[in-house]
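Residues per chain, in single letters:
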Amino acid sequence: MAEAVANVARRINATVEEGKDCLDLSNCQLISFPDGVFKVLRTVSENIRIITLAENKIKAISRKFFSTFTQLRELDLQGNILTKLPDEVVEMEHMTSINLANNSFAVFPEKLTEIATLERIDLEGNSITELPLEKLSAMPALKWLNVKSNPLSSSTQCALQSAYKFDVLLETE
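As the structure is a prediction and not an experimental result, all values here were calculated from the model.

So what about the sheet that holds strand β4 (residues 97-99)? Which residues, and what values?
An order of β1-β2-β3-β4-β5-β6-β7 is seen for the seven strands of this open sheet, with the pairing classed as parallel. If you trace the sheet from one side to the other, it starts and ends with β1 (22-24) and β7 (167-169), each paired once. Strand-to-strand twist in this sheet, taken as the mean axis angle between neighbours without regard to direction, amounts to 5°. Bridge analysis of strand β2 (residues 50-52) against strand β3 (residues 74-76) gives three bridges, and the strand direction is parallel. Across the sheet, Thr52 pairs through a bridge with Asp76, a residue of β3.

Put into structure tokens, the structure is as follows:
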């Protein structure tokens, strides 16, 4: 555990000291985004464009996370145990890519459809059965949606065979 904490501290310090625009806390055994990190990063949070929290054990992302990292372009949360996102995710007006693959979503996080800049949504390997296709179609920037390895209903799978202005990655039997 002490080694994991030291690893997180090293990565955060490197981000601050080197003025990086990315923060990689993947594979750090995190169960949440550490509260203390907000204080350490407060002077540079506006500069951070990419955050990777992949392959942890995160169950939830706080509202504070989205209100702190307002300039975020890419967020990688793959390989956690998330079931939902807070409504504040809509405040991410610069986000272009979100990776939520291999989590525990049973319902598509519809607030994502309100992010006008979002180009890529990866939800591979969740438990989603239905998609808000009308809302997805109305997203102005969406180019790519990955819903492989989800138990999509037959009506949703059928609807996805239609032409959309974005690419859909879908397993076809």
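Still more ground to cover, so stick around.
Tell me about the side chain of Asp76, residues and numbers included.
On the secondary structure map, Asp76 appears in strand β3. The charged side chain of Asp76 is buried without a salt bridge, its nearest counter-charge being Arg120 at 10 Å. Here the side chain of Asp76 touches Gln78 through a polar contact of 3.1 Å, landing on its backbone nitrogen. Sequence-distant contacts of Asp76, that is, excluding residues within four places in its chain, are made with Ile51, Thr52, Leu53, Ala54 and Asn99.

Break down the packing of aromatic side chains for me, citing the residues and quoting the values.
Think of a pair of aromatic rings as described by two things: how far the centres are apart, and how the planes are tilted against each other in angle. The final tally for this structure, using the stated rule, is seven aromatic pairs. Relative to Phe38, the ring of Phe33 lies with its centre 5.2 Å away and its plane at 55°, an arrangement referred to as tilted. Grouping residues by exposure puts Phe33 and Phe38 together as buried. Members of the aromatic cluster, each reached through a chain of ring pairs, are Phe33, Phe38, Phe65, Phe66 and Phe69. Here the guanidinium or amino end of Arg120 rests over the ring plane of Trp144, the centre of that ring lying 3.9 Å away.

Rules used throughout
Residues numbered from 1 in each chain as written. Predicted model: local features only at pLDDT ≥ 70, side-chain atom pairs only at ≥ 80, totals over all residues. Heavy atoms only, no water. Pairing = 2+ DSSP bridges. Helix = DSSP H or I, 4+ residues; strand = E, 2+ residues; numbered from the N terminus. Axes fitted to C-alpha atoms, helices over the stretch in contact; angles between N-to-C directions. Buried < 20%, exposed > 50% of the residue type's maximum accessible area, 1.4 Å probe, protein only. Lys, Arg positive; Asp, Glu negative; His and termini not counted. Salt bridge = Lys/Arg side-chain N within 4 Å of Asp/Glu carboxyl O. Polar contact = N/O pair within 3.5 Å; in protein donor to acceptor, adjacent residues only side chain to side chain. Contact = heavy atoms within 4.5 Å. Phe/Tyr/Trp six-rings, centres within 6.5 Å; stacked < 30°, edge-to-face > 60°. Lys NZ or Arg CZ within 6 Å of the ring centre and 35° of its normal.

Read these as layout, nothing more, since geometry by itself doesn't imply function.
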